[in-house]
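Each chain, letter by letter, is given below.
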Amino acid sequence: MRKIYYFDNNATTPVAPEVVAAMTPYLSELWANPSSGYQFANRVAKDVESARAKVAALINADPREVVFTSCGTESINTVLHSAATISPQKRHIVTTSVEHSATLRCVEYLATQGYEVTLLPVNSEGALDLMELERSIRPDTAMVSIMWANNETGVIFPIPAVAEICRKKQVLFHSDAVQAAGKEQLDVRAVGLDCLSLSAHKLYAPKGIGMVYLNRGSRFRPLIRGGQQEGGRRGGTENVPGIIAFGAAAELAMNRLREENERVRALRDRLETALLKDIPGTARNGAAELRLANTSNLAFDSVEAEAVLIKLDQLGICASSGSACRTGSLEPSHVLKAMGFSASRARSSVRLSLGFYNTAEDVDYLAAELPGIIRKLRAL
Ligand code: PLP
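Here is what the cut-offs are and how they apply
Within any chain, residue numbers begin from 1 and follow the written order of that chain's sequence. Local features in this predicted model are restricted to residues of pLDDT 70 or higher, and side-chain atom pairs are both shown and tallied only at a pLDDT of 80 or more, whereas totals for entire chains, interfaces and linings draw on every residue. The basis for every side-chain value is the complete set of non-hydrogen atoms in the structure, without hydrogens or water. Secondary structure is summarised from DSSP: a helix means a run of H or I of at least four residues, a strand means a run of E of at least two, and numbering begins at the N terminus for each. Radius of gyration here is computed from C-alpha atoms only, and the compact-globule reference equals 2.2 Å multiplied by the residue count raised to the power 0.38. Each residue's exposure class comes from its accessible area (1.4 Å probe, protein chains only) as a fraction of the maximum for that residue type: buried when under 20%, exposed when over 50%, partly exposed otherwise. Two residues form a contact once any of their heavy atoms are found within 4.5 Å. We get accessible surface area from the Shrake-Rupley algorithm with a probe of 1.4 Å; when it comes to residues, only the shown protein chains can shield them. This count recognises Lys and Arg as positive and Asp and Glu as negative, with His and chain-terminal groups excluded. Each charge is placed at NZ for Lys, CZ for Arg, CG for Asp and CD for Glu. Patch criteria: residues need more than 30% relative accessible area and no salt bridge. Like-charged residues are merged within 9 Å; nonpolar side chains of Val, Leu, Ile, Met, Phe, Trp and Tyr are merged within 5 Å. Salt bridges are defined by distance alone: a side-chain nitrogen of Lys or Arg within 4 Å of a carboxyl oxygen of Asp or Glu. Lines fitted to C-alpha atoms define the axes here, with helix axes fitted over just the stretch in contact, and angles between the N-to-C directions of these axes take values from 0 to 180 degrees. An angle below 35 degrees is read as roughly parallel, one above 145 as roughly antiparallel, one from 65 to 115 as roughly perpendicular, and any other as oblique. A clockwise turn of the near helix away from the far one marks a right-handed crossing, whereas an anticlockwise turn of less than a right angle marks a left-handed crossing. Residues are counted as near a molecule or strand when any one of their heavy atoms sits within 4 Å of it. As used in this structure description, the phrase polar contact means that two N or O atoms lie within 3.5 Å; if the pair is within protein, one of them must be able to donate a hydrogen and the other to accept it, and residues adjacent in sequence are counted only when both atoms belong to side chains. Nonpolar residues are Ala, Val, Leu, Ile, Met, Phe, Trp, Tyr, Cys and Pro. Charged residues are Asp, Glu, Lys and Arg, and all others, Gly as well, are polar. For two strands to count as paired, DSSP must find a minimum of two bridges between them. Note on aromatic contacts: the rings of Phe and Tyr and the six-membered ring of Trp form a pair at centre separations within 6.5 Å, being stacked when their planes are under 30 degrees apart, edge-to-face when over 60 apart, and tilted otherwise. The criterion is that NZ of a Lys, or CZ of an Arg, lies within 6 Å of the ring centre and within 35 degrees of the ring normal, and then a charge sits over that ring.

A.B. asks: Let's hear about the overall build of the protein chain: which residues, and what values?
C.D. replies: Looking only at helices and strands, the protein chain features twelve helices and twelve strands. Taken over the C-alpha trace, the protein chain has a radius of gyration of 21 Å; the compact-globule value for 380 residues is 21 Å, and the two agree within 12%. Summarising its shape, the C-alpha atoms of the protein chain cover approximately 65 × 55 × 35 Å along the three principal directions. Considering the protein chain as a whole, with its 380 residues, one finds that 56% of them fall into the buried category. The long-range fraction of contacts in the protein chain, counting pairs at least 24 apart against all pairs at least 6 apart in sequence, stands at 74%. Split by element, the accessible area of the protein chain, about 16100 Å² in all, is 54% carbon and sulfur. Considering the protein chain, the positive charge centre built from 43 side chains and the negative charge centre built from 41 side chains are found 2 Å apart.

This is the structure in structure tokens:
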């Protein structure tokens, strides 16, 4: 197979060889249902708990506060439905206009059920106004749900400050930290959140496994009812290989976070600087500093991002025009629109997201090819 130059790590990541090695035995010899009573199953149940402890350590939680789910989307739906049903008199939800579709579609549904939703705006850098957040919280607010980092621009929100406001106002606070995990230090105890959602496939583990952190002091109502798995908080036989993989990926992320962050930031900055210099009419979308180290979202004047992506694909370069869920849609990005950019700027924007396996060679290849692609497309 020809070499792939992968610049779409915010869509999903490759499964790390260490993670494949950790999970493989649970697909072959260790296939027992962890809820069964015999020793063969007890061994698997013990390994599930050890993976839970590793995932808990990644966010500095107690392992009992970790509930495994099938993905980030399920985690987000779980906490929003829980908040909406646990206090029926509270019928207002606060979130932002730049959340992932998992949050936006869920609150849209809740709005059809009589909930009022406040979508907080962002400025042209993608930043939130904390005073506006504070003003938006009412006595009937059931939950504030704000992402840790944006999947399209990489912009990081001030989650500790948001948590403090929510604590002061005594409102439940959830953060979608799907993009922040493995890229930023996450400490739920220090920040003081009620719930947090993660997804393993953004962390070098396979798809189909996620988790939600549920603070032991916060009230919760399950979305998926069934058996007593996950302490009665999420029914369904555990995805054992997925959970083991998540544990291994969390351990890998903890061990490599600092060093990897510096390496990836240097590569991203080298790429971004080269593209901004070599392609006239290029601008960055999103704050320069308060941003994930791996993400660069660039607008190329007078070209369609979809055309750029096709040309890159012909060279074996994978990138995207925003969230993977939106690729192929002609709708301009809701994130870039919320930042006040025109539909044409949004349609000319490409997201480049780096990861563990990108090298300087990958970056230099992309930086060498892209100026010619943009030049040719503009000449058409
Ligand atoms: N939240 C954010 C910020 C994401 O980027 C994604 C995936 O792209 C999700 C939630 C959904 O996660 P999953 O794909 O595990 O459902």
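A.B. asks: Can you explain a nonpolar patch on the surface? Please cite residues and give values.
C.D. replies: On the surface, a nonpolar cluster with roughly 370 Å² of combined accessible area is contributed by W31, Y38 and F40. Looking at where F40 falls in the secondary structure, it is placed in helix α2 (residues 39-58). Residue classification places F40 among the partly exposed positions, given a relative accessible area of 31%.

A.B. asks: Tell me about the packing of helix α9 (residues 305-314) against helix α12 (residues 360-379), residues and numbers included.
C.D. replies: α12 packs onto α9 with a crossing angle of 130 degrees between their chain directions and a minimal axis gap of 10 Å. Classified by the angle their axes make, α9 and α12 are oblique. Considering how the two elements wind past one another, α9 and α12 form a crossing that is right-handed. Mapping the contact onto sequence places A307, V308, K311 and L312 in α9 and L366, L370, I373, I374 and L377 in α12.

A.B. asks: Account for the site of the ligand, with residues named and values stated.
C.D. replies: Taken together, the neighbourhood of the ligand is formed by 13 residues, with T73, D176, Q179, S199 and K202 sitting nearest. Within the backbone of G72, an N or O atom sits 2.8 Å from an oxygen atom of the ligand. In the environment of the ligand, a nitrogen atom lies 2.6 Å from a nitrogen or oxygen atom belonging to the side chain of D176. Calculation on the ligand without its partners gives an accessible area of 390 Å², and the protein chains cover 90% of this total. When residues in the shell around the ligand are grouped by element, the largest group, three residues, is from helix α3 (residues 72-86). Residues belonging to the shell around the ligand are distributed by class as follows: four nonpolar, seven polar and two charged.

A.B. asks: Run through the sheet that holds strand β12 (residues 349-353), naming residues and quoting values.
C.D. replies: Ordered by their spatial adjacency, three strands build an open sheet running β9-β10-β12, and the pairing between neighbours is antiparallel. Each edge of the sheet is formed by a strand with only one pairing partner; in this case those strands are β9 (282-284) and β12. Pairwise comparison of adjacent strand axes, ignoring direction, gives a mean angle of 30 degrees for this sheet. Two elements, β9 and strand β10 (residues 295-300), share three bridges in a ladder whose sense is antiparallel. By the bridge assignment for β10, T282 is matched with F300.

A.B. asks: Provide a residue-level description of the pattern of salt bridges, including the pertinent values.
C.D. replies: Scanning the model with the defined rule gives 21 salt bridges in all. The partner of K3 in a salt bridge is D362, with the nearest N and O atoms 3.3 Å apart. In this pair, K3 sits in the segment before β1 (5-6) while D362 sits in helix α12, placing the two residues 359 residues apart along the sequence. Of the charged contacts in the structure, one is a salt bridge between R105 and E108, with a shortest N-O distance of 2.9 Å. Of the two residues, R105 and E108 both sit in helix α4 (residues 101-112), three residues apart, roughly one turn of that helix. Overall, R105 belongs to the partly exposed group, its relative accessible area being 47%. Residue E108 is classed as partly exposed on the basis of its relative accessible area of 43%. Connected through shared salt-bridge partners, E49, R52 and E230 make up one network.

A.B. asks: Outline the packing of α3 against α4, listing residues and values.
C.D. replies: Orientation of α3 relative to α4, taken along the N-to-C sense of each, is 30 degrees, at an axis distance of 9 Å. The orientation of α3 relative to α4 falls into the category roughly parallel. As α3 packs across α4, the resulting crossing turns out to be right-handed. For the pair α3 and α4, the contacting residues are T73, I76, N77, L80, H81 and A84 in the first and A102, T103, C106, V107, Y109 and L110 in the second.

A.B. asks: Can you lay out the pairing of strand β2 (residues 66-69) for me, pointing to particular residues and giving the numbers?
C.D. replies: Alternating positions in β2 separate into two faces, V66 and F68 on one and V67 and T69 on the other, with burial throughout. For β2 and strand β8 (residues 210-214), the ladder comprises four bridges, and the chain directions are antiparallel. The residue bridging V66 from the neighbouring strand is Y213, located in β8.

A.B. asks: Give a description of the side chain of T13 that names residues and reports values.
C.D. replies: With respect to the element layout, T13 can be found in the loop between β1 and α1 (17-23). Only 2.7 Å separates the side chain of T13 from the backbone oxygen of H201, close enough to count as a polar contact. Within polar-contact distance, the side chain of T13 engages the backbone nitrogen of Y204 at 2.7 Å. Apart from the residues within four sequence positions on either side, T13 is in contact with H201, K202, L203, Y204, A205 and K207.

A.B. asks: Lay out the packing of aromatic side chains with the relevant residues and their values.
C.D. replies: Considering all chains together, one arrives at six aromatic pairs under this definition. A ring pair is formed by Y204 and F356, whose centres lie 3.9 Å apart and whose planes are at 5 degrees; its orientation type is stacked. In this pair, Y204 sits in the loop between β7 (195-199) and β8 while F356 sits in the loop between β12 and α12, placing the two residues 152 residues apart along the sequence. Comparing Y204 with F356 shows no difference in burial state: the two are buried. A centroid spacing of 5.9 Å and a plane angle of 80 degrees characterise the contact between F356 and Y357, whose relative ring orientation is edge-to-face. Judged by its relative accessible area of 11%, F356 falls in the buried class. Against the face of Y5 rests K3, its NZ or CZ located 4.7 Å from the ring centre.

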